[in-house]
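Now for the letters of each chain:
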Amino acid sequence: MVFVKEMELGGRKLSIETGRMARQADGAVVVRYGETVVFAAVVSGRELRKDVDFFPLTVDYRENAYSAGKIPGGFFRREGRQSEKETLTSRLIDRPIRPLFPEGYYYDTNVTVNVISSDQENSADVLGGIAASAALAVSNIPFEYPIASVRIGRVDGQFIINPTFKQLDHSDMDIVVSGTKDSIAMVEGEAKEISEEDMLKAILHAHNSIKAIVAIQDELAKAVGVKKREFVPVKLADEFVADLTPIAKPVVLEADKIQDKAERNGKLKILKNELLAKFAEKYPNSEKQVAKLIDDLQYQDMRSMILDQTKRLDGRGMKNIRQINCETGFLPRVHGTALFTRGQTQALVATTLGTKTDEQIIDGVDTDEEYRSFMLHYNFPAYSVGEARSSRGPGRREIGHGNLAERALRNVLPSAEIFPYTIRIVSDIMESNGSSSMASVCGGSLSLMDAGVPIKAAVAGIAMGLIKEYSKYAILSDILGDEDHLGDMDFKVAGTAKGITACQMDIKIRGISPEIMQEAMAQAKEGRLHILGIMNETLSTAKPDISKWAPKITTIKVKIDQIGLIIGPGGKNIRSIIERTGATIDIEDDGTIKIGSITSEGSDMALKIIMGMTEEPIIGKTYKGPIKKIAEFGAFVEILPGKEGLLHISEIDHKRVQRVEDYYKMGEEVEVLLQNMTQRDGKTKYELSRKALIPKEASK
């Protein structure tokens, strides 16, 4: 039987359907919005995974090329590995639904979301979040309650729910909000330096739509009438807890007083090994259980320290920021560098400037081919946390952190007209103990200014945490890794002194109230301004000049009808210029030409050639050029690239000239005066004179 629920959302119909497709999955739905259609299916295993101590949830979001009437590129002509957008959307779906599974639910669970129709107007990512939640809601999988996701923009001061791609082009924010009927669960997006007050208004406005979407999911689940599986979480045995706690608890309490992360973790590791050895006979193969016991004890102690003693693991107050150190310009050949250190988190950030040929080509189902001139790549090597493991390339976490930092900086970059460079930032995390993505934002801002990029304003980022027990709570500024792991919220806010440019909030509990969110934003702003003050002491504005090792880009504009002349037949002319000068040349349809070269000589030479090719000859002006052809009646002189004029034999000298060869030879440069221009057969004829430039006594 097919069940359908519908509602109006942002002026368009949203429908959720189940019972037609993928009926052997535990739950499957089709979500339609406009002519964008998203399918989601969920399946959860029946056997408890005993080899893991975490929820093995996998969310796989895919955009089928056929959904937009496209055929994939590449040799195989089929979809391959996940694109960056697909990876980011998978994370966007995963984060709000993960906390709504019961604790201890260690069953393999797969959420598959496929875009099967794209109208190239409505984004499918937020529909994927709705589809995943609805599929779980109509399944027998123990999922607490539905969530919904919407995108919110603002055009001309008016909030828009799920703006189209065209509307987003004029919006000063692009924020995705996920939540339940009672609270906000996740926020992620970017903005053009908006205030904390406007950000909160946008989130609350989005929540009104979320409530309505959750309501139709509840109606759909009730109509389907599927009973949820019974699940009883496996807990540590009472006897096990009673035997180990008296030994473990004092050591955990002592370890939590150690402010250094490595030393603290080292003490806890020794405790774990001692407990395993001591109880090896009574509790064999209990490594997971011992680790959980220690984690539970630390969870209780850390939260008690914060809520009851207002004391954090490293001794700071709730609003205090760790010590910050900033360095710039210390790598000699790099275009721009910064080493940003905050406590035990450190990012080495490098900026590289390139030409238009270095742009990244993006091809998605919901847009035509695009060119990206700004990229930020984030690397998190194992040594940054003292681990010995090989690199497997960027994973979902690295891609997500890099995208967040990229969004934070994107809205302060100069326009291409002001700064026509392709910009790539690489953030290598040297050490990590909390919020390395925000360290990447701070280091990225400094490295951009060190590279001479005239950004609108410096950008800093801070990660906020939350510890909440019933009505009692504490908001933490600049959280540590353990405070993130054992806490209830990870709220990253980046921006300038004027306002927010990017944010990302994940809640591990059943959402938070608007009052707590408002307080967290105000506290984040206070911390951000503090960090910006320290950054400005190192470098407050962009350096006046770019690095001598960066390409020099010169921009000129020519007439549209001159583009063909510069390119030449089959690209002959432009290839010749590139080969002769070593410069890169990019020509846009409106006649804008960008010339890039590592050396000023190459750039100047290419500019001179192009200027010569496009210069309009002027009667009465003197030109110097090579003789390209000699005839009985005169010589043809190239006065400008591609423009030849006739130096008639009678205009060579004041006295009679018998043979041109007596005066000139092929290739010889001669200075001539342009006496006249005439049109004949659609072509311009240039009449030149040499004798007009020489006195009679100087004749040969």
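Scroll up a little and you will see the structure.
Residues numbered from 1 in each chain as written. Predicted model: local features only at pLDDT ≥ 70, side-chain atom pairs only at ≥ 80, totals over all residues. Heavy atoms only, no water.

## Re the pairing of strand S5 (residues 57-63)
Applied cut-off: Here's how the labels work: a residue is buried when its accessible area is under 20% of the maximum for its type, exposed when over 50%, partly exposed in between, all with a 1.4 Å probe on protein chains only. Helix and strand definitions follow DSSP, with helices as H or I runs of at least four residues and strands as E runs of at least two, each counted in order from the N terminus. Here the rule is simple: two strands pair whenever DSSP picks up at least two bridges between them. Crossover handedness is defined by viewing with both strands directed away from the observer: a clockwise path from the first strand over the helix to the second marks the crossover as right-handed.
Only one face of S5 is buried, namely the one carrying Leu 57, Val 59, Tyr 61 and Glu 63, since none of Thr 58, Asp 60 and Arg 62 on the opposite face is buried. Of the strand pairs in this sheet, S5 and strand S6 (residues 109-117) are connected by seven bridges, and their pairing is parallel. Looking across to S6, one finds that Leu 57 is bridged to Thr 109. Between S5 and its parallel partner S6, the chain crosses via helix H1 (residues 84-97), and the hand of that crossover is left-handed.

## Looking at the sheet that holds strand S28 (residues 669-680)
This is how it is decided: Helix axes are fitted to C-alpha atoms over the stretch in contact, other axes to C-alpha atoms as well, and angles between N-to-C directions run from 0 to 180 degrees.
Reading around the circumference, S25-S26-S27-S29-S28 is the order of the five strands in this closed barrel, with mixed pairing throughout. Adjacent strand axes in the sheet meet at a mean angle of 50° when their direction is disregarded. By the bridge criterion, six bridges tie strand S26 (residues 634-640) to strand S27 (residues 643-648) in an arrangement that is antiparallel. By the bridge assignment, Leu 640 is partnered in S27 with Lys 643.

## Things to note about the side chain of Ser 440
Here Ser 440 is to be found in helix H9 (residues 436-450). Accessibility expressed as a relative area gives 1% for Ser 440, which makes it buried.

## Some words on the sheet that holds strand S8 (residues 158-161)
Backbone-to-backbone hydrogen bonds pair the strands of a sheet. The strands run either parallel or antiparallel. Read from one edge of the open sheet, eight strands run S8-S7-S9-S10-S21-S20-S18-S19, paired in antiparallel fashion. This sheet does not close on itself; its edge strands, each paired only once, are S8 and strand S19 (472-477). Looking at each pair of strands side by side, their axes are set apart by 15° on average, direction ignored. Pairing of strand S7 (residues 148-155) with strand S9 (residues 173-179) involves five bridges; the strand directions are antiparallel.

## Things to note about the packing of H1 against helix H2 (residues 125-137)
Spelled out, the test is: Our angle categories are set so that under 35 degrees counts as roughly parallel, over 145 as roughly antiparallel, 65 to 115 as roughly perpendicular, and the remainder as oblique. By definition, any crossing whose near helix is turned counterclockwise from its far helix by less than a right angle is left-handed, and any crossing with a clockwise turn is right-handed. Note on definitions: a residue-residue contact is assigned when non-hydrogen atoms from the two residues lie within 4.5 Å.
Interaxial distance between H1 and H2 falls to 9 Å at its minimum, and their mutual angle equals 40°. Between H1 and H2, the crossing angle belongs to the class labelled oblique. Relative to H2, H1 is oriented so that their crossing is right-handed. Across from Thr 89, Leu 92, Ile 93 and Ile 97 in H1, the residues of H2 making contact are Asp 125, Gly 128, Gly 129, Ala 132 and Leu 136.

## Some remarks on the packing of aromatic side chains
Threshold: Pairing of aromatic side chains here covers Phe, Tyr and the six-membered ring of Trp, requires ring centres within 6.5 Å, and sorts the geometry by plane angle: under 30 degrees stacked, over 60 edge-to-face, intermediate tilted. When the NZ atom of lysine or the CZ atom of arginine is within 6 Å of a ring's centre and also within 35 degrees of its normal, the charge is said to sit over that ring.
For the coordinates displayed, the defined rule picks out 13 aromatic pairs. Centroid distance Tyr 107 to Phe 231: 6.1 Å. Interplanar angle 80°. Geometry classified as edge-to-face. Taken together, the residues Tyr 107 in the loop between H1 and S6 and Phe 231 in the loop between helix H4 (196-224) and helix H5 (238-255) connect sequence positions 124 residues apart. On the numbers, 5.0 Å between centres and 80° between planes, the contact of Phe 240 with Tyr 283 is edge-to-face. Taken together, the positions of Phe 240 in helix H5 and Tyr 283 in the loop between helix H6 (261-278) and helix H7 (287-309) put the pair 43 residues apart, joining distant regions of the chain. Judged by its relative accessible area of 15%, Tyr 283 is buried. In this structure an aromatic cluster arises from ring pairing among Phe 55, Phe 101, Tyr 105, Tyr 107, Phe 143 and Phe 231. Positioned above the aromatic ring of Trp 549, the side-chain terminus of Arg 333 is 3.5 Å from the ring centre. The ring of Tyr 371 has Lys 356 sitting right over it, with the charged end atom 5.9 Å from the ring centre.

## Section: the pattern of salt bridges
The condition that has to hold: Within this document, salt bridges are pairs made up of a side-chain nitrogen of Lys or Arg and a carboxyl oxygen of Asp or Glu, the two lying within 4 Å of each other.
Evaluated as defined, the whole model comprises 45 salt bridges. Here Asp 26 ties to Arg 229 by a salt bridge, and the two come within 2.9 Å at their closest N and O atoms. Highlighted residues: Asp 26 in the loop between strand S2 (12-18) and strand S3 (27-33) and Arg 229 in the loop between H4 and H5, separated in sequence by 203 residues. The closest approach of N and O atoms between Arg 528 and Glu 196, which form a salt bridge, is 3.1 Å. Linking Arg 528 in helix H11 (residues 514-538) with Glu 196 in helix H4, this pair joins segments that are 332 residues apart in sequence. The pair formed by Arg 528 and Glu 196 is uniform in burial state, with each residue classed as buried. The network of salt bridges with shared partners includes Glu 84, Glu 190, Arg 372, Glu 406, Arg 407 and Arg 410.

## Examining the side chain of Ser 139
Locating Ser 139 in the fold gives a position in the loop between H2 and S7. Beyond its immediate sequence surroundings of up to four residues, Ser 139 is in contact with Asp 26, Gly 27, Val 42, Val 226 and Lys 228.

## A few points about H6
To keep things clear, this is the line we draw: Multiplying 1.5 Å by the residue count of a helix minus one yields the expected span of that helix. The arc in question is the one spanned by the directions pointing from the helix axis to the C-beta atoms. Polar contacts here mean pairs of N or O atoms no more than 3.5 Å apart (in protein, one a potential hydrogen donor and the other a potential acceptor; neighbouring residues in sequence count only if both atoms are side-chain atoms).
End to end, H6 covers 26 Å across 18 residues, agreeing with the expected 26 Å (1.5 Å per residue, within 8%). The set of residues buried in H6 consists of Lys 261, Arg 264, Leu 268, Leu 271 and Leu 275. All buried residues of H6 fall inside an arc of 95° around its axis, so they share one side. The exposed residues of H6 that point more than 90 degrees off its buried face are Ala 262, Lys 269, Glu 274 and Ala 277. Among the structural elements, H5, H7 and helix H10 (481-486) are those in contact with the buried residues of H6. Measuring from the side-chain oxygen of the N-cap residue of H6 to the backbone nitrogen of Ala 262 gives 3.3 Å; that N-cap residue is Asp 260.

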